[in-house]
Amino acid sequence: MKNEIFWTALGAIGTVFGSVATFLAVVVALWQTKYPNKKSVKMSCCDAMTYITNAMTESYDKTQKNKYISIEFANTGNRKIIIKYCYIQLPKGEKYVLIPSITPIERVEYPIEVDIENSVSIPWLKSDFLNYLESNKKLKRNRRICFCILDSSGKVYKCKSPKKVNQYLKDIKRR
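Thresholds applied
- Residues numbered from 1 in each chain as written.
- Predicted model: local features only at pLDDT ≥ 70, side-chain atom pairs only at ≥ 80, totals over all residues.
- Heavy atoms only, no water.
- Buried < 20%, exposed > 50% of the residue type's maximum accessible area, 1.4 Å probe, protein only.
- Helix = DSSP H or I, 4+ residues; strand = E, 2+ residues; numbered from the N terminus.
- Arc of directions from axis to C-beta.
- Polar contact = N/O pair within 3.5 Å; in protein donor to acceptor, adjacent residues only side chain to side chain.
- Contact = heavy atoms within 4.5 Å.
- Salt bridge = Lys/Arg side-chain N within 4 Å of Asp/Glu carboxyl O.
- Core = buried A, V, L, I, M, F, W, Y, C linked by side-chain atoms within 4.5 Å.
- pLDDT = per-residue confidence, 0-100.
- Phe/Tyr/Trp six-rings, centres within 6.5 Å; stacked < 30°, edge-to-face > 60°.

### Here we look at helix 2 (residues 126–135)
- By the burial criterion, the buried members of helix 2 are Lys126, Phe129, Leu130, Tyr132 and Leu133. Along the long axis of helix 2, the arc covered by the buried residues comes to 155°, so they all point the same way.

### Observations regarding the side chain of Asn75
- Of note, Asn75 is situated in strand 2 (residues 64–75).
- Among the polar contacts listed, one links the side chain of Asn75 to the backbone oxygen of Asp115, at a separation of 3.4 Å.
- Excluding its chain neighbours within four sequence positions, the residues that come into contact with Asn75 are Ser40, Lys80, Ile81, Val114, Asp115, Ile116, Glu117 and Asn118.

### Re the pattern of salt bridges
- If you walk through the whole model with that rule in mind, you get 3 salt bridges.
- The residue Lys80 makes a salt bridge to Glu113 at a minimum N-O spacing of 3.2 Å. In this pair, Lys80 sits in the loop between strand 2 and strand 3 (81–89) while Glu113 sits in strand 5 (residues 112–114), placing the two residues 33 residues apart along the sequence.
- The exposure class of Lys80 is partly exposed, given its relative accessible area of 43%.

### Structural notes on the nonpolar core
- In this structure, Phe73, Ile88, Phe129, Phe147 and Ile149 are the most contacted members of the largest nonpolar core, which totals 31 residues.
- Not counting chain neighbours up to four residues away, the residues in contact with Ile149 comprise Met43, Ile71, Phe73, Ile83, Tyr85, Cys86, Ile122, Lys155, Val156 and Tyr157.

### Notes on the confidence of the model for the protein chain
- Per-residue pLDDT for the protein chain has a mean of 81; in total, 89% of the residues score no lower than 70.
- Within the protein chain, the lowest mean pLDDT, 76, falls on helix 3 (residues 165–174), and the highest, 90, falls on strand 3.
- Long-range and interchain partners of residues 56–64, a stretch whose pLDDT sits below 50, account for 12 contacts in this model, where long-range means more than four residues apart.

### A few points about the packing of aromatic side chains
- All told, the structure shown has 8 aromatic pairs when counted by the stated rule.
- Each ring, one from Phe73 and one from Tyr157, has its centre 5.5 Å from the other, and the planes form 70°; the classification is edge-to-face. Linking Phe73 in strand 2 with Tyr157 in strand 8 (residues 156–164), this pair joins segments that are 84 residues apart in sequence.
- Residue classification places Phe73 among the buried positions, given a relative accessible area of 1%.
- A centroid spacing of 5.7 Å and a plane angle of 50° characterise the contact between Tyr85 and Tyr87, whose relative ring orientation is tilted.
- Members of the aromatic cluster, each reached through a chain of ring pairs, are Tyr96, Trp124, Phe129, Tyr132, Phe147 and Tyr168.

Right, dumping it as C-alpha cells:
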C-alpha cells in the first residue's frame, strides 16, 4: 500500500514537471517566430566629418576641405530598413527635416534603403548646420540636439548630438 501511494505521488509530480516543460517549449516556439522579423539598429552622430578632395596636389594647403556633420545609421537586425527621412526634433512635436548634402564621394537621397548588415551616412554641411542653429530660436541652448530617423513602418530611431547647442554656437564665434 505504501509503495502504491509513493509511486502515484511520484507520477503526479512527474506529470506536473512535464506540463511545465511543455508550456515553456510553446512559449519559446512562439518567441522564435517573432525573432526573424526583428529590426535592430545602431545610430550615432558625428559632428567632425571631413572629406578631402584633390589629395594628389603638392601641398595639403591647396586641398579643398569639406566639413560635414553626419548621422550614421547601421542596420544590425535581420530585416531591410527603408529610411523615409531624417529630422531634428524640435519642441512641441515640430520637426526640421534634414535634406542630405552632396559630398565629394556620394549623393544620398530619400528614401534610403539600408540592407541587412549595411550602414549609411546621412551628411549635412557643417556650415549649413551651424547657420540653422544660429537662426533657430526654438532649440534650447543648454541641451543636446535630438536627431531622429523615421522608417517606412513608422518607427522612429533617435540619437543625440555630441555637443549642446550653446557649444556649437561658440564654434560659430570662433570662425
